[in-house]
Amino acid sequence: MSYQHNRRRHQSRSTGRLPRMDVEVDFDEYVLACVFSRALEEIDAGEATATEATGLSSADLHDILTRLFPARLALAFSLEKVSDPALGLEEELLRGMLLAHARADDITSARFAKIIARRALRNDHLWQDLGLSNQAELSRLLATHFPKLAAGNTQKMRWKKYLYRKLCEAEGFSLCTAPSCPECNDLKDCFGPEEGNSRLALKEGIDLG
């Protein structure tokens, strides 16, 4: 399921004009559609089950899919055949940190904590691992659901680097070899724009420059 599909679905609810994407629930649904699109790619490739790809329990997935998405997507996820995801130590620590900073009593924020912790284990930029279109969408997601944590990234460190840095600080150790960022030879790996194409663009052979 792509952003274009989600845009068309929301457009059909209105008067025919493209709706503004500043409605929070619309953006949350868009992000979930992006994540599920990436999950389906991994499921189709035999790389993961639905719960393994998203970090969500089968109950969480069933609730989201039946409320927000077409029935055929739930069928594609084969939830009756999957078990809840097993957590390694790294994911458990990252999930715990995100849950601690999630909006209080907000089940959507808690679910995004689980999704982000699982997708952060992948190898690309975090926004790409989530299937988003760019870094700005990830910034919006984090600012919405983890406002205090996101607000601490005043130096605009790359989000995956920032989350792991905060995790290290919380656990009382550091992965950094340099005493400070300006003295580090790998400065460019932590800061600056996260360049690259979205998964949708790569899939369609589009160069977004």
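1. Some thoughts on the nonpolar core
Here is step 1 of the chain: Counting 50 residues, the largest nonpolar core has F36 and F77 as its most contacted members.
Here is step 2 of the chain: Ranked by residue count, the leading element in this core is helix α2 (residues 24-44), at eleven residues.
Here is step 3 of the chain: Look past the residues within four positions of F36 in its chain and what remains in contact with it is T54, L61, I64, L65, F69, L73 and F77.

2. Description of the pattern of salt bridges
Where charged atoms of side chains with opposite charge meet at close range, the side chains can pair.
Here is step 1 of the chain: Using the criterion set out here, one finds 13 salt bridges in the structure.
Here is step 2 of the chain: Residue R67 pairs with D63 through a salt bridge whose shortest N-O separation is 3.3 Å. A residue pair is termed a helical-turn pair when its members lie 3 or 4 positions apart in one helix, as R67 and D63 do in helix α4 (residues 58-68) at four residues.
Here is step 3 of the chain: A relative accessible area of 26% places D63 in the partly exposed class.

3. So, helix α7 (residues 107-119)
Here is step 1 of the chain: The end-to-end C-alpha separation of α7 is 18 Å, in line with the 18 Å expected for 13 residues at 1.5 Å each.
Here is step 2 of the chain: Taken as a whole, α7 has its buried residues at S109, R111, F112, A113, I115, I116, A117, R118 and R119.
Here is step 3 of the chain: Structurally, the start of α7 carries an N-cap: the backbone nitrogen of T108 is 2.9 Å from a side-chain oxygen of D106.

4. Focus: the packing of aromatic side chains
Here is step 1 of the chain: Under the counting rule described, the total for this entry stands at four aromatic pairs.
Here is step 2 of the chain: Between F36 and F69 the ring centres are 5.4 Å apart and the planes differ by 65°, which places this aromatic pair in the edge-to-face class. Residue F36 is found in helix α2, and its partner F69 is found in the loop between α4 and α5 (71-77); the two are separated by 33 residues along the sequence. Grouping residues by exposure puts F36 and F69 together as buried.
Here is step 3 of the chain: Taking the centre distance of 5.4 Å and the plane angle of 85° together, the rings of F36 and F77 count as edge-to-face. In this pair, F36 is assigned in helix α2 and F77 in helix α5, connecting sequence segments 41 residues apart. Each of the two residues, F36 as well as F77, counts as buried.

5. So, the packing of α7 against helix α9 (residues 135-145)
Here is step 1 of the chain: At a minimum axis distance of 10 Å, the contact between α7 and α9 shows a crossing angle of 135°. The angle between α7 and α9 places the two elements in the oblique class. Considering only the axes of α7 and α9, their crossing is left-handed. Contacts between α7 and α9 pair T108, S109, F112 and I116 from the former with L141, L142 and H145 from the latter.

6. Topic: the environment of C34
Here is step 1 of the chain: Inspection of the secondary structure puts C34 in helix α2.
Here is step 2 of the chain: Given a relative accessible area of 5%, C34 falls into the buried group.
Here is step 3 of the chain: It is 8.8 Å that separates the C-alpha atoms of C34 and S133, two residues lying 99 residues apart in sequence.

7. Quick notes on the confidence of the model for the chain
Here is step 1 of the chain: Scored by pLDDT, the chain has a mean of 80; 69% of the residues are at 70 or more.
Here is step 2 of the chain: Looking over the chain, one finds the lowest element-wise mean pLDDT in helix α1 (residues 3-11), namely 42, and the highest in α7, namely 98.
Here is step 3 of the chain: Across residues 1-22, confidence stays below pLDDT 50; counting only partners more than four residues off in sequence or on other chains, it has 33 contacts.
Here is step 4 of the chain: Low pLDDT, under 50, characterises residues 204-209; the predicted model gives this stretch seven contacts beyond four residues in sequence or across chains.

8. Observations regarding helix α6 (residues 89-101)
Here is step 1 of the chain: The terminal C-alpha atoms of α6 lie 19 Å apart, and with 13 residues this matches the ideal 18 Å at 1.5 Å per residue to within 8%.
Here is step 2 of the chain: Taken as a whole, α6 has its buried residues at E91, L94, R95, M97 and L98. Taken end-on, α6 shows its buried residues confined to a sector of 160°, consistent with a single buried face. Among the exposed residues of α6, those oriented more than 90 degrees off its buried face are L89 and A100.

Calculation rules
- Residues numbered from 1 in each chain as written.
- Predicted model: local features only at pLDDT ≥ 70, side-chain atom pairs only at ≥ 80, totals over all residues.
- Heavy atoms only, no water.
- Core = buried A, V, L, I, M, F, W, Y, C linked by side-chain atoms within 4.5 Å.
- Buried < 20%, exposed > 50% of the residue type's maximum accessible area, 1.4 Å probe, protein only.
- Helix = DSSP H or I, 4+ residues; strand = E, 2+ residues; numbered from the N terminus.
- Contact = heavy atoms within 4.5 Å.
- Salt bridge = Lys/Arg side-chain N within 4 Å of Asp/Glu carboxyl O.
- Expected span 1.5 Å × (residues − 1).
- Polar contact = N/O pair within 3.5 Å; in protein donor to acceptor, adjacent residues only side chain to side chain.
- Phe/Tyr/Trp six-rings, centres within 6.5 Å; stacked < 30°, edge-to-face > 60°.
- Axes fitted to C-alpha atoms, helices over the stretch in contact; angles between N-to-C directions.
- Parallel < 35°, antiparallel > 145°, perpendicular 65-115°, else oblique.
- Left-handed = near helix turned anticlockwise from the far one by under 90°.
- pLDDT = per-residue confidence, 0-100.
- Arc of directions from axis to C-beta.

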